[in-house]
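# Structural overview
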Amino acid sequence: MGFARTCSVTLVGVEGVVVEVQADLEPGVAAFTLVGLPDKSLTESRDRVRAAVVNSGAQWPQKKLTVGLSPASVPKSGSGFDLAVAAAVLGAAERIDPRTLADLLMIGELGLDGRVRPVRGILPAVLAAAEAGYEQVVVPECAAAEASLVPGVSVLGVRSLRQLIAVLADEPVPEEEQDRQGGPDPFTAGLRMPGTDAATGTHGVGAAQRDHGHDLADVVGQTSARTAVEVAAAGGHHLLLEGPPGAGKTMLAERLPAVLPRLDREASLEVTAVHSVAGLLPPGRPLIDVAPYCAPHHSATMQALVGGGPGVARPGAVSLAHRGVLFLDETPEFSSHALDALRQPLESGHVVIARSAGVVRFPARFLMVLAANPCPCGLFSRKGDLCECSPSSIRRYQARLSGPLLDRVDLRVEVDRVTRRELAGDGSRGDCTATVADRVRGARERAAARLAGTPWRSNSEVPGRELRSRWLAAPGALDDAERCLERGVLTARGLDRVLRVAWTVADLVGHDRPDARDVALALQLRTGVPRGVPMALGALT
């Protein structure tokens, strides 16, 4: 009787669970039994592993073979167990010394010819291995760079099962044919979830790196909207842009990710883990260090927005926009159920999806930008009479954005039509992206210094009770905001959000704490009612 064991990882959302893969050989009729709650793709690994072992020059044991995945109570899915199953079988057959397998963790799918193919979720799997105390992991060679992002773990990248057998058996490692250069990569074909880019409008490398031609200086006029974009980037505040078609709402949203500062190491690993599970990591760039940008179409379902779907739950647009920007263009055209599903991640920073097989948790701390027309035809305005929509249709259209959702939006700005003079270049141009990004970076650094030693990173994350008791505004600065609360213009949540925006404005203009003008600008940005303060931040210094 032969026995061997090694380890692999199964993913539950973006969290990994270490699974022990055990192989047992007994005399009897040749059979291959796989136990431990495997799904369909994992059950099919029996045929893949058998063919890969034979085509790698090893002998398949003609005995009763049982492979167990422990803990047996945890559902296992995916093809990433193939490499561990093959190694455990060869260890039980004594082709490999079983003692060399006990401390290894293996992740990878096997082709019928023995090639080792990449799978989704390499980074979160290796992170789980490191937390469990494993010091050496075996992954596909093309995924070794992604696995190497985890410190303290030795990564062995193999191109085929034949190479792995040689390494573990202390034999000369055979040379494998190099991947062909140019054209589709056969190793990564099918690695992405079908249609993910199209369904979510995801750009994992961020707008700053995606298109260097996008610059805030291209946006003509729109002083109020540009100020709101800068404040949103500096404090991580959610933003609503309302105005007629062609006023520049989408242009502003597309340029917002380039204004955000680069992600730190912890945030980069979080974002990379989510995109790794979704199969959206850009080739040659295993670490995402710039803010992602996600712009799903208004026909997207609730599952496409918040995650889920049949079978294993997958991350949705809110998770793919983690630490970046989620842009919902034509927001009133989205399903009301899909929009209302955003309330929980907007407050908690994560999404919890309950399924019969268990509960999955995805991170979802994003900056939301909503863009909406004022009416169905888009021409309704306080300054003109071009709109032909009836008052009832305008009310119904605007009511598609529920009050609870809008209460979670910090900044609401009306984007006016661009005049001919502004479009011709006679008006003054705003600051470029680099200049605004420098101011945003400075404001973030001031906020980080103030929030040092706390679990919060930006002003938008600080609870209201802390702002009212620990970091106080200037005396009398909140008088107008408190009167708005008494009159019902603001809710208690709205007052907290005004205070957070006021702190961001203070950080941008260099004040030690918000004064009355900072709070007035925050109120003006939230309610749209003029408060007698200029919209340009430079006038507040």
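Rules behind the numbers
- The residue numbers shown here count from 1 along each chain, following its written sequence.
- Per-residue local features are limited, in this predicted model, to residues with pLDDT of at least 70; the limit for side-chain atom pairs, both in listing and counting, is 80 or more; totals at the level of whole chains, interfaces and linings are taken over all residues.
- Values reported for side chains reflect all heavy atoms of the structure, with hydrogen atoms and water molecules removed beforehand.
- Helix numbers and strand numbers start at the N terminus; a helix is a DSSP run of H or I with at least 4 residues, a strand a run of E with at least 2.
- Only protein chains enter the accessibility calculation, which uses a 1.4 Å probe; a residue is then buried when its area is under 20% of its type maximum, exposed when over 50%, and partly exposed in between.
- Should any heavy atoms of two residues lie within 4.5 Å, those residues are considered in contact.
- Note on areas: these come from Shrake-Rupley sampling with a 1.4 Å probe, and a residue is covered only by the protein chains present in the view.
- The charged-residue count follows a simple rule in which Lys and Arg add positive charge and Asp and Glu add negative charge, with His and chain termini not counted at all.
- Charge positions come from single atoms, namely NZ of Lys, CZ of Arg, CG of Asp or CD of Glu.
- Centres within 6.5 Å are what make two rings of Phe, Tyr or Trp a pair, Trp counting through its six-membered ring; a difference in plane orientation under 30 degrees is then read as stacked, over 60 as edge-to-face, and the rest as tilted.
- Pairs of N or O atoms within 3.5 Å make up the polar contacts considered here, provided that, within protein, one atom can donate a hydrogen while the other can accept it, and that residues adjacent in sequence are counted only when both atoms are side-chain atoms.
- Residues enter a nonpolar core if they are buried and are Ala, Val, Leu, Ile, Met, Phe, Trp, Tyr or Cys, with the set joined through side-chain atoms within 4.5 Å.
- Criterion for a salt bridge: a side-chain nitrogen of Lys or Arg within 4 Å of a carboxyl oxygen of Asp or Glu.
- Interaxial angle, 0 to 180 degrees, is taken between N-to-C directions of lines fitted to C-alpha atoms, where a helix line uses only the stretch in contact.
- Geometric relationships in this document are graded by angle, where less than 35 degrees denotes roughly parallel, more than 145 denotes roughly antiparallel, 65 to 115 denotes roughly perpendicular, and other angles denote oblique.
- Each crossing gets its handedness from the near helix: less than a right angle anticlockwise from the far helix is left-handed, clockwise is right-handed.
- Any residue outside Ala, Val, Leu, Ile, Met, Phe, Trp, Tyr, Cys, Pro, Asp, Glu, Lys and Arg is labelled polar, Gly included; the first ten of those are nonpolar and the last four are charged.
- On a range of 0 to 100, pLDDT expresses the predictor's confidence in each residue.

What the protein contains, in helices and strands, is 23 helices and 17 strands. Dimensions of the protein, computed from the C-alpha atoms along their principal axes, are close to 85 × 50 × 45 Å. Buried residues in the protein amount to 52% of all 541 residues. Once local pairs closer than 6 in sequence are excluded, the contacts in the protein between residues at least 24 apart make up 71%. Just so you have it, the protein exposes about 23,600 Å², and 51% of that area is on carbon and sulfur atoms. Here the protein contributes 59 positive and 62 negative side-chain charges, whose respective centroids are spaced 4 Å apart.

Turning next to the packing of aromatic side chains. Applying the stated criterion to the full structure yields two aromatic pairs. Ring geometry for F32 versus W60: centroids 5.6 Å apart, planes at 45°, classification tilted. Remark: W60 occurs in the loop between α2 (45-55) and β4 (64-70) and F32 occurs in strand β3 (residues 31-35); sequence separation between them is 28 residues. Seen from their ring centres, W456 and W471 are 6.5 Å apart, and the 80° between their planes marks the pair as edge-to-face. On the criterion of sequence distance, the pair formed by W456 in the loop between α19 (433-450) and α20 (464-469) and W471 in the loop between α20 and α21 (479-487) is long-range, its members being 15 residues apart. Judged by its relative accessible area of 18%, W456 is buried. A relative accessible area of 12% means that W471 is categorised as buried.

Let's shift gears to the side chain of T331. Among the structural elements, T331 can be located in the loop between β13 (325-328) and α14 (336-340). At 2.6 Å, the side chain of T331 forms a polar contact with the backbone oxygen of L328. Not counting chain neighbours up to four residues away, the residues in contact with T331 comprise L339, L370, A371 and L401.

A few words now on the nonpolar core. Of all hydrophobic cores here, the largest spans 59 residues; its most connected members are V231, L239, L241, V369, L411 and L525. Ranked by residue count, the leading element in this core is helix α22 (residues 492-509), at nine residues. By size, the runner-up hydrophobic cluster in this structure holds 38 residues, among which are L34, V53, A86 and L110.

The next subject is the pattern of salt bridges. Within the structure shown, the criterion is met by 29 salt bridges. For R255, the salt bridge goes to D218, with nearest N and O atoms at 3.4 Å. On the criterion of sequence distance, the pair formed by R255 in helix α10 (residues 249-259) and D218 in the loop between α8 (207-210) and α9 (223-235) is long-range, its members being 37 residues apart. By relative accessible area, D218 is classed as partly exposed at 34%.

A packed helix pair is summarised by two numbers, namely the angle formed by the two axes and the spacing between the axes. One way to put it is that α9 packs onto α19 with a least axis distance of 8 Å and a crossing angle of 40°. With respect to α19, the axis of α9 lies oblique. As α9 packs across α19, the resulting crossing turns out to be right-handed. Residues E230, A233 and A234 of α9 touch α19, and the partners they reach there are V436, R439, V440, A443 and R444. Counted by class, the contact of α9 with α19 contains five nonpolar, no polar and three charged residues.

This paragraph deals with helix α4 (residues 122-131). Along α4, seven of the ten residues are buried, which leaves the element largely enclosed by surrounding structure. Buried within α4 are the following residues: I122, L123, P124, A125, V126, A128 and A129. Buried residues belonging to α4 abut β1 (2-12), β2 (15-26), β5 (105-106), β8 (136-140), α5 (144-147) and α11 (265-278). Taken from the residues just after α4, G133 is the one with a positive phi, measuring 100°.

With that out of the way, let us pick up the side chain of S458. With respect to the helices and strands, S458 occurs in the loop between α19 and α20. In this structure S458 comes out as buried when scored by relative accessible area, which is 7%. Within the structure, the side chain of S458 is placed 3.2 Å from the side chain of S460, a separation counted as a polar contact. What S458 contacts, discounting residues up to four positions off in sequence, is G235, R444 and L451.

With respect to the helices and strands, V126 occurs in helix α4. C-alpha of V126 to C-alpha of V9: the two residues are 117 residues apart in sequence and 8.2 Å apart in space. Setting aside anything within four residues of it in sequence, one finds V126 in contact with I107, V137, A147, V150 and V153.

Time to look at unusual backbone geometry. Most peptide bonds adopt trans geometry, and most residues besides glycine take a negative phi value. Omega for the peptide link from S70 to P71 comes to 10°, which places this bond in the cis form. Despite not being glycine, R323 shows a phi value in the positive range, around 65°. Positionally, R323 belongs in the loop between α13 (317-320) and β13. Residue class for R323 comes out buried when judged on its relative accessible area of 19%.

Turning our eyes to something else, we now look at the environment of L386. Here L386 lies in the loop between β16 (367-372) and α16 (391-398). Using a relative accessible area of 56% as the deciding quantity, one classes L386 as exposed.

Running from N to C, α9 and α10 point in directions that differ by 40°, and their axes come no closer than 10 Å. Where α9 crosses over α10, the two elements pack in a sense that is right-handed. Every residue of α10 that contacts α9 at A225, R226, V229 and A233 is listed here: L252, L256 and V259.

Turning next to α10. Burial within α10 is extensive, with eight of its eleven residues counted as buried. Within α10, the full set of buried residues consists of K249, L252, A253, R255, L256, P257, A258 and V259.

As a further point, take the confidence of the model for the protein. When pLDDT is averaged across the protein, the result is 87; 90% of the residues are at 70 or more. Across residues 192-200, where pLDDT falls below 50, the model places 23 contacts with residues more than four positions away in sequence or in other chains. Across residues 204-211, confidence stays below pLDDT 50; counting only partners more than four residues off in sequence or on other chains, it has 19 contacts.

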